[in-house]
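In case you want the letters, here they are:
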Amino acid sequence: MKIKEGFVLEEVGGTYLAVAVGAMAGSFNGMVRLNGTGAFLWNLLSEGEKTREELVRELVKTYDDVTEKDVLPGVIAFEEKLRNAGIIED
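Quick caveat, the model's predicted, so the values are computed rather than measured. (Residues numbered from 1 in each chain as written. Predicted model: local features only at pLDDT ≥ 70, side-chain atom pairs only at ≥ 80, totals over all residues. Heavy atoms only, no water.)

Between helix H1 (residues 36-47) and helix H3 (residues 68-84), whose axes approach to 11 Å, the crossing angle comes to 65 degrees. Classified by the angle between their axes, H1 and H3 sit roughly perpendicular to one another. Relative to H3, the crossing made by H1 is right-handed. Counting all contacts with H1, which are made through Gly 38, Leu 41, Trp 42 and Leu 45, the residues of H3 involved are Val 75, Phe 78 and Leu 82. The residue inventory of the contact of H1 with H3, partitioned by class, reads six nonpolar, one polar and no charged. (Axes fitted to C-alpha atoms, helices over the stretch in contact; angles between N-to-C directions. Helix = DSSP H or I, 4+ residues; strand = E, 2+ residues; numbered from the N terminus. Parallel < 35°, antiparallel > 145°, perpendicular 65-115°, else oblique. Left-handed = near helix turned anticlockwise from the far one by under 90°. Contact = heavy atoms within 4.5 Å. Nonpolar A, V, L, I, M, F, W, Y, C, P; charged D, E, K, R; others polar.)

Okay, structure coming up:
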């Protein structure tokens with residue numbers, strides 16, 4: 001999966017907001033708010049195609065004292081949030 005063209009992540013007052021730009025701005029209304037971990041995952045997906053398993057591994061490598069079992073539910077929720085908003089593609 002990866003972030004679709006036409007979406008960017010902006011930090012506004014310590015809050016991360018995913019917004020549509022360019023042609024996507026006409027068909028996507030609103031924005032999606034992300035926490036710091038969501039922004040971390042967004043940046044990984046912005047680099048190119050990643051699997052759910054790759055996202056989980058990167059979180060485990062980056063954050064202390066977490067396991068794949070700990071972070072998997074959050075990664076799934078993140079993926080569902082962006083997929084439901086039409087921001088990611090396979």
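Now that the structure is up, let's keep going.
This part is about the pattern of salt bridges. Considering all chains together, one arrives at six salt bridges under this definition. Between Glu 89 and Lys 2 there is a salt bridge, with the nearest N and O atoms lying 3.9 Å from each other. One end of the pair, Glu 89, is in strand S5 (residues 88-89); the other, Lys 2, is in strand S1 (residues 2-3), and 87 residues separate them in sequence. Between Glu 58 and Lys 61 there is a salt bridge, with the nearest N and O atoms lying 3.1 Å from each other. Of this pair, Glu 58 and Lys 61 both sit in helix H2 (residues 52-62), separated by three residues, roughly a single helical turn. Connected via shared salt-bridge partners are Arg 52, Glu 79, Arg 83 and Asp 90. (Salt bridge = Lys/Arg side-chain N within 4 Å of Asp/Glu carboxyl O.)

Let us look at the environment of Leu 34. Topologically, Leu 34 is positioned in strand S4 (residues 31-34). Sequence separation between Leu 34 and Tyr 16 is 18 residues, and the spatial gap between their C-alpha atoms is 5.1 Å. Once you skip the residues sitting within four places of it in the chain, Leu 34 turns out to touch Leu 9, Tyr 16, Ala 39, Trp 42 and Phe 78.

In this structure the tally under the stated criterion is two aromatic pairs. Pairing Phe 7 with Phe 28 gives two aromatic rings, centres 5.1 Å apart and planes at 90 degrees, and the pair type is edge-to-face. In this pair, Phe 7 sits in strand S2 (residues 7-12) while Phe 28 sits in the loop between strand S3 (15-20) and S4, placing the two residues 21 residues apart along the sequence. Just as Phe 7 is buried, Phe 28 falls in that class too. (Phe/Tyr/Trp six-rings, centres within 6.5 Å; stacked < 30°, edge-to-face > 60°. Buried < 20%, exposed > 50% of the residue type's maximum accessible area, 1.4 Å probe, protein only.)

Formed by 21 residues in total, the largest nonpolar core has its most connected members in Ile 3, Trp 42, Leu 82 and Ile 87. Where this core is concerned, the elements lending two or more residues are S3, S4, H1, H2 and H3. (Core = buried A, V, L, I, M, F, W, Y, C linked by side-chain atoms within 4.5 Å.)

The first and last C-alpha atoms of H3 sit 24 Å apart over 17 residues, in line with the 24 Å expected at 1.5 Å per residue. Buried residues along H3 sit against S1, S4, H1, H2 and S5. In the stretch just after H3, Gly 86 is the one whose phi turns positive, near 80 degrees. (Expected span 1.5 Å × (residues − 1).)

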